[in-house]
Amino acid sequence: MWTALRGVAEGMEIRWDMQPLQLCATKRNEYTPSLIGYCGDAPVRETRSGILGPIETIEKDEVVLCTHTSGDALGLVEAMLESWRGAASVAVVVENLEAELPSLQAWGRRLAAKGLTKIVVSALGPSSFALSDYDGIYPASVLRQVAVDAAVADLVLMADPGFVPSSGLRHSVSSSEPLGAALRAVLAASPSAFLVTSFLTFGGGGAGDGDGGSGSSSGSSEQANMSVLDMRRLVDAGDAVPFDAHVCPSCRPYAWQWMLLAEPGSLQFRAVETNDLFHPFWLLPRALLPRLPLHFHGLVNPATSTRRLGWSGMPVGLKAMGDRLQADGVQLLLLPEAFLVRTEALPMPTGHWEDMATGLHYNHWSYFFDLLYHRFVSSLPAAPGDAGSSGESAAVRIPRSFLVGHQLVEVLPSRTMSLVTLQVGRDPSLELIVMASTILGSVGLKLLLRSVPWTVHAVCLGTKRYWACALEELPPILRSFQRDKPVAIVDAYDVVFFPCSRSIVDEYRAYGRDIVWAADTTCFPNHKVCKSCEDRYATESSEMQACHKFPNLNGGCYMGSPRALADTLEWMREQGAAIGTDDQENKWHAYNHFSDTIVLDHRQRIFTCFFGSKREGFRIENCTVVSDYTGEEVCFAHANGGTKWEILEPLLQELEDKGCWKSKAIRQSVRHYAGMATPAMIWW
């Protein structure tokens, strides 16, 4: 219903007649009116499988790269083939099979001249049964299936056009190498598919027009020899981003991060969670691969899809493939030390849906993608076995180990780390903990780390439900800390420590309470639990005077003794839904319940929350930030909400201009807060 309303709101024209209209036609040559077009299983395009190659025999134990493109964009796959330098199956859609066969043959000869002699090329003609403009969109799923069907070997690596394999990927997955032997051992033990993460790089070369058509390999040649270390450096500098995180910030994929953090030479295969199944590429046996829904047309374009809050309204062919594998009980694992990479400037093949004009009737592409996907999901069988809360299949929740060629191969749950030390500080008086699901490529986290002199740890790495994770994992971690040393727990991506003459530890101890929480202007999210200043303090007290400016608890920053923090977190976990499901509401209940041991930092001597304040309320004096609201220096600054851009960013710029703050221009790469990643996603 929401999808339909959105489609109407965005201008989709609907004929309001009295006759029922079917969603799509499922039978070939059935010319009855339908909303979308053809969605049957029978092929409607002439296919010529294996019209070219291979010149050299493809062995059965090889991994075949399966990809596709359009006849005028052959260059989009050349860099992929040159980096792979092994067996490959390419499906090409053309306007006229007979007329374009000579150009395909010439292309095959050029590939052979480059030493690419294990290439199989198949051709796909135009649709013979086009009921609507949707039927003319680039037939991505049909092409994927044609490429897989033409592959000779048992194992295939599926990749969309322009996604170049990382350096040495083909060699590393060969049966003679440790990784290749390991993945084959896992396959022998349980039906498995291996997720290959993908990245998008910025500022690289684009397409060129030449003999190979638009999208020549020159645009991606610099990606052909990229290693895991290279990619990690690019992500850390903001010059690369996980493809699915770029397109769908709210999906919160984390497989890419585990791949980059893995120890070199690791033979650990982590389980893949559902939030990594929006745009997956797979290495898997052909026998496990389900027949792809042939009517899932279109490719995801990284250049025009980044303002979306979710995956709705985008092509779902790859997502549907992952859903089907999961429903079939296939073990979904992350392939270590391997990835695919695409440059932002590369074009899309001909027939890309965003390049096509919208017709007068019903041709609202995003509406079609959603409708067809929901229809597909409703047809899936129930996944065998119980599913864990993280979305892993039951078969993966128990770690397994294999001894392969004197090397230990491990199949692990998606998360195994509890505490990660991000930096060791020079000041031992305090330790910091951040709940950071993502620790690579974050500008905000880098600013925090650079600004504090203390040791900083991260918890809940790689989890989408960070608060539930914190309630479960933080108490035992805190109990392992030194009992008399205070611990501060702060948000990871919007907190900075400014130069401050006060001692944070002394300020904490001056309160005489076990826990000090930050104070804010706003009661959120449940006004029923927010107590007034009058309910908490005596009329003439200094606390009452301080309370009125910043009366409410802010859950993003707090500090206390490790034992008190652990006890409070355990109390919140034990209350369950009785104290709400939002972390801020949980913390309000804890504050009200433990009012004798918890105090709010109304005077903002430790934590300054910007929300509800204005930029002109802060000034810079002698390289320190002073708040006119309190008359005090700002120590910890929490730029919650849009104040990250309204207040914090201008202050950092002014500090830099005055020579007080040395910063480096870094592209914001990974989007960490769903709905709070960019100003456009806050003030819509």
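Calculation rules
- Residues numbered from 1 in each chain as written.
- Predicted model: local features only at pLDDT ≥ 70, side-chain atom pairs only at ≥ 80, totals over all residues.
- Heavy atoms only, no water.
- Helix = DSSP H or I, 4+ residues; strand = E, 2+ residues; numbered from the N terminus.
- Buried < 20%, exposed > 50% of the residue type's maximum accessible area, 1.4 Å probe, protein only.
- Contact = heavy atoms within 4.5 Å.
- Areas by Shrake-Rupley, 256 points an atom, 1.4 Å probe, with all protein chains shown as cover.
- Disulfide = S-S within 2.5 Å.
- Phe/Tyr/Trp six-rings, centres within 6.5 Å; stacked < 30°, edge-to-face > 60°.
- Lys NZ or Arg CZ within 6 Å of the ring centre and 35° of its normal.
- pLDDT = per-residue confidence, 0-100.
- Pairing = 2+ DSSP bridges.
- Axes fitted to C-alpha atoms, helices over the stretch in contact; angles between N-to-C directions.
- Expected span 1.5 Å × (residues − 1).
- Polar contact = N/O pair within 3.5 Å; in protein donor to acceptor, adjacent residues only side chain to side chain.
- Salt bridge = Lys/Arg side-chain N within 4 Å of Asp/Glu carboxyl O.
- Right-handed = clockwise from strand over helix to strand, strands pointing away.

Some words on the overall build of the chain
Then comes step 1: Along its length, the chain carries 19 helices and 25 strands.
Then comes step 2: Per-residue burial for the chain yields a buried fraction of 57% across its 684 residues.
Then comes step 3: The long-range fraction of contacts in the chain, counting pairs at least 24 apart against all pairs at least 6 apart in sequence, stands at 81%.
Then comes step 4: Carbon and sulfur atoms make up 51% of the accessible area of the chain, which amounts to about 27900 Å² in all.

Remarks on the state of the cysteines
Then comes step 1: In total, this model carries seven disulfides according to the counting rule given.
Then comes step 2: With a sulfur-sulfur separation of 1.9 Å, Cys500 is cross-linked through a disulfide to Cys635. Of this pair, Cys500 sits in the loop between strand S18 (495-497) and helix H14 (504-511) while Cys635 sits in the loop between strand S24 (624-627) and strand S25 (636-638), and the two are 135 residues apart along the sequence.
Then comes step 3: A disulfide bridge connects Cys533 with Cys547, and the sulfur atoms are separated by 2.0 Å. Taking the sign of the S-S torsion, -85° for the link of Cys533 and Cys547, the bridge is left-handed. Of the two residues, Cys533 sits in helix H15 (residues 533-536) while Cys547 sits in helix H16 (residues 542-547), which places them 14 residues apart along the sequence. Of the two residues examined, Cys533 and Cys547, each falls in the buried class.

Some remarks on the packing of aromatic side chains
Then comes step 1: Tallying each qualifying case throughout the model produces 24 aromatic pairs.
Then comes step 2: Between the aromatic rings of Tyr373 and Phe376, the centroid separation amounts to 6.5 Å while the plane-to-plane angle is 35°, which identifies the pairing as tilted. Here Tyr373 and its partner Phe376 are both found in helix H11 (residues 365-378), three residues apart, which amounts to about one turn of the helix. Of the two residues, Tyr373 and Phe376, both sit in the buried class.
Then comes step 3: With a centroid separation of 5.7 Å and an interplanar angle of 50°, the aromatic rings of Phe618 and Tyr629 are classed as tilted. Taken as a pair, Phe618 in strand S23 (residues 618-621) and Tyr629 in the loop between S24 and S25 lie far apart in primary sequence, eleven residues in all.
Then comes step 4: Given a relative accessible area of 4%, Phe618 falls into the buried group.
Then comes step 5: Ring pairs connect the aromatic residues Tyr134, Trp353, Tyr367, Phe368 and Phe369, which therefore count as one cluster.
Then comes step 6: One cation-aromatic arrangement involves Lys587 over Trp467; the distance from NZ or CZ to the ring centre is 4.6 Å.

Focus: the confidence of the model for the chain
Then comes step 1: Averaged over all residues, the pLDDT of the chain is 87; the fraction at 70 or higher stands at 86%.
Then comes step 2: Within the model, the stretch residues 359-363 combines pLDDT values under 50 with 14 contacts to residues more than four positions away or in other chains.

Things to note about unusual backbone geometry
Then comes step 1: Gly53 connects to Pro54 through a cis peptide bond whose omega is -5°.
Then comes step 2: Looking at the element boundaries, Pro54 is found in the loop between strand S1 (45-52) and strand S2 (63-70).
Then comes step 3: The linkage connecting Phe524 with the following residue, Pro525, adopts the cis geometry, with an omega of 0°.
Then comes step 4: Within the secondary structure layout, Pro525 lies in the loop between strand S19 (515-520) and H15.
Then comes step 5: Look at Gln604: it is not a glycine, yet its phi comes out positive at around 55°.

What about the sheet that holds strand S12 (residues 400-404)?
Sheet strands associate in pairs through backbone hydrogen bonding, adopting either a parallel or an antiparallel arrangement.
Then comes step 1: One open sheet accounts for three strands, arranged S9-S13-S12; its pairing is mixed. Only two strands of the sheet have a single neighbouring strand rather than two, namely strand S9 (268-270) and S12. Adjacent strand axes in the sheet meet at a mean angle of 15° when their direction is disregarded.
Then comes step 2: Relative to strand S13 (residues 407-412), S12 is paired through five bridges, and the arrangement is antiparallel. Bridge pairing in S13 links Leu403 to Leu408.
Then comes step 3: Packed onto the sheet, helix H6 (residues 178-189) meets S9, S12 and S13 and runs at close to 130° relative to S12.

Regarding helix H17 (residues 562-575)
Then comes step 1: For H17, spanning 14 residues, the distance from its first C-alpha to its last is 20 Å, which sits close to the expected 20 Å at 1.5 Å a residue.
Then comes step 2: Regarding H17, the residues found buried are Pro562, Ala564, Leu565, Ala566, Thr568, Leu569, Trp571 and Met572.
Then comes step 3: Next to the buried residues of H17 lie helix H13 (466-479), strand S17 (487-491), S19, strand S20 (552-560), helix H18 (583-593) and strand S21 (598-601).
Then comes step 4: Of the residues flanking the end of H17, it is Gly576, one or two places downstream, whose phi is positive at about 60°.

Things to note about the side chain of Arg270
Then comes step 1: As for its position among the elements, Arg270 is in strand S9.
Then comes step 2: For Arg270, the side chain forms a polar contact with the main-chain oxygen of Ser414, separated by 3.2 Å.
Then comes step 3: For Arg270, the residues in contact, after removing those within four places along its chain, are Trp258, Leu332, Leu333, Leu334, Leu412, Pro413, Ser414, Arg415 and Thr416.

A few points about the pattern of salt bridges
Two side chains bearing opposite charge may form a pair once their charged atoms approach each other closely.
Then comes step 1: Considering all chains together, one arrives at 21 salt bridges under this definition.
Then comes step 2: Arg479 is the salt-bridge partner of Glu570, the closest N and O atoms lying 2.7 Å from each other. Pair noted here: Glu570 is in helix H17 and Arg479 is in helix H13, with a separation of 91 residues, a long-range link.
Then comes step 3: Close ionic contact of Arg605 with Glu507 constitutes a salt bridge, the shortest N to O distance being 2.8 Å. Of the two residues, Arg605 is situated in the loop between S21 and strand S22 (607-609) and Glu507 in helix H14; the sequence distance between them amounts to 98 residues.
Then comes step 4: Residue class for Glu507 comes out buried when judged on its relative accessible area of 13%.
Then comes step 5: One network of salt bridges, in which partners are shared, links Arg502, Glu507, Arg605 and Glu632.

Looking at the pairing of strand S3 (residues 88-93)
Then comes step 1: A large share of S3 lies buried, amounting to six of its six residues.
Then comes step 2: Where burial is concerned, the two faces of S3 agree: the one with Ala88, Val90 and Val92 and the one with Ser89, Ala91 and Val93 are both buried.
Then comes step 3: Note that S2 and S3 share six bridges and pair parallel. Each residue of the ladder has a partner; that of Thr67, found in S3, is Val90.
Then comes step 4: Tracing the backbone out of S2, into helix H2 (residues 75-84) and back to the parallel element S3 gives a crossover that is right-handed.
Then comes step 5: In this fold, S3 hands off to helix H3 (residues 97-113), which returns the chain to strand S4 (residues 119-127); that crossover is right-handed.

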